[in-house]
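Letter by letter, the chains look like this.
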Amino acid sequence: YTNAVIGPLSQIAAVAGTETLYLTGEDASIHQLDFPLGGGAPIDTVLVAAGVIDGVLGLAAGAAELSGITVFDALFLVVAEHATNTLLSVRRDLGTVLPLAGLPSPAGGYSDGQGGTIRFHFTAPVALFTDASGVVFVGDTENHALRQVELGGIPVAATITGTGAPGSAVGPLTITEM
């Protein structure tokens, strides 16, 4: 049982070896669900309440839209935000939210680079994955690209595959279209 309203963009992330899930709510809230050992209803902790992300990003009330979520490390989650086409950092123990990567733009864009020069364009649920070395992989939906964002200092983004436009070319990853 959760108080989160799960919508078409909502995503879930899990922590390996635990009974904990994180999810994005349709109202741009972020929830932690802890499942008791031995069974029982999950314990729903609201990490980020509805409206908080609107305030952090300077958006009108109810404008923030979250989808992709991944557990970055022992303290942080990374979340995709659609209204600004950016990645956010969420501290798991405090629920604080900070912009992480991407130039805030309702129109989105397509560019690699550092920090605020990175441009994403999220139009469908965003797949996010974190590897053990601290790289976040981003399914950049409207750009038909798989991107990697290296964190630790200033975030740096690079395209792994895709060209920023739809297509069906087959070849080396650097020219393959998605």
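Structure first, text after, so check above.
## Digging into the packing of aromatic side chains
- Taken as a whole and judged by the stated rule, the model has 2 aromatic pairs.
- A ring pair is formed by Phe 120 and Phe 122, whose centres lie 5.3 Å apart and whose planes are at 20°; its orientation type is stacked.
- On the basis of relative accessible area, Phe 120 is assigned to the buried category, the value being 1%.
- Assessed through its relative accessible area of 4%, Phe 122 is described here as buried.
- Centre to centre, the rings of Phe 129 and Phe 137 are 6.2 Å apart; their planes meet at 35°, and the pair counts as tilted.

## Some words on the nonpolar core
- Core analysis: the biggest nonpolar cluster contains 18 residues, and Ile 30, Ile 53 and Leu 77 have the highest contact counts within it.
- Contributions of two or more residues to this core are made by β4 (43–48), α1 (52–57), β5 (66–71), β6 (76–81) and β7 (86–91).
- In terms of residues, this core owes the most to one element, β5, which gives 3 residues.
- Excluding residues within four positions of it along the chain, Ile 30 makes contact with Leu 23, Thr 45, Val 46, Leu 47, Val 48, Ile 53, Leu 66, Ile 69, Leu 77, Val 79 and Val 90.
- Membership of the second largest hydrophobic core comes to 15 residues, among which are Val 78, Ile 118, Val 126 and Val 136.

## Here we look at the pairing of strand β8 (residues 97–101)
- Direction of pairing for β7 relative to β8: antiparallel, over a ladder of 4 bridges. Note that in β8 the partner of Leu 87 across the bridge is Ala 101.
- Connecting β7 to the next strand, β8, in antiparallel fashion are 5 residues, including Gly 95 with a positive phi near 75°.

## Focus: the pairing of strand β12 (residues 145–150)
- Relative to β12, strand β11 (residues 135–140) runs antiparallel, the two being bridged by 6 bridges. Each bridged residue has a counterpart across the sheet, and for Val 135 the counterpart in β12 is Glu 150.
- Between β11 and β12, which follow one another and run antiparallel, lie 4 residues, and His 144 among them has a positive phi close to 50°.
- In the sheet, β12 pairs with strand β13 (residues 156–161) via 5 bridges, with the strands oriented antiparallel. The partner of Arg 147 across the bridge, within β13, is Thr 159.
- Hairpin remark: β12 followed by β13, antiparallel, with 5 residues in the connecting loop; positive phi at Gly 152, about 110°.

The rules behind these values
- Residues numbered from 1 in each chain as written.
- Predicted model: local features only at pLDDT ≥ 70, side-chain atom pairs only at ≥ 80, totals over all residues.
- Heavy atoms only, no water.
- Phe/Tyr/Trp six-rings, centres within 6.5 Å; stacked < 30°, edge-to-face > 60°.
- Buried < 20%, exposed > 50% of the residue type's maximum accessible area, 1.4 Å probe, protein only.
- Core = buried A, V, L, I, M, F, W, Y, C linked by side-chain atoms within 4.5 Å.
- Helix = DSSP H or I, 4+ residues; strand = E, 2+ residues; numbered from the N terminus.
- Contact = heavy atoms within 4.5 Å.
- Pairing = 2+ DSSP bridges.

Taken by themselves, the reported measurements are silent on function.
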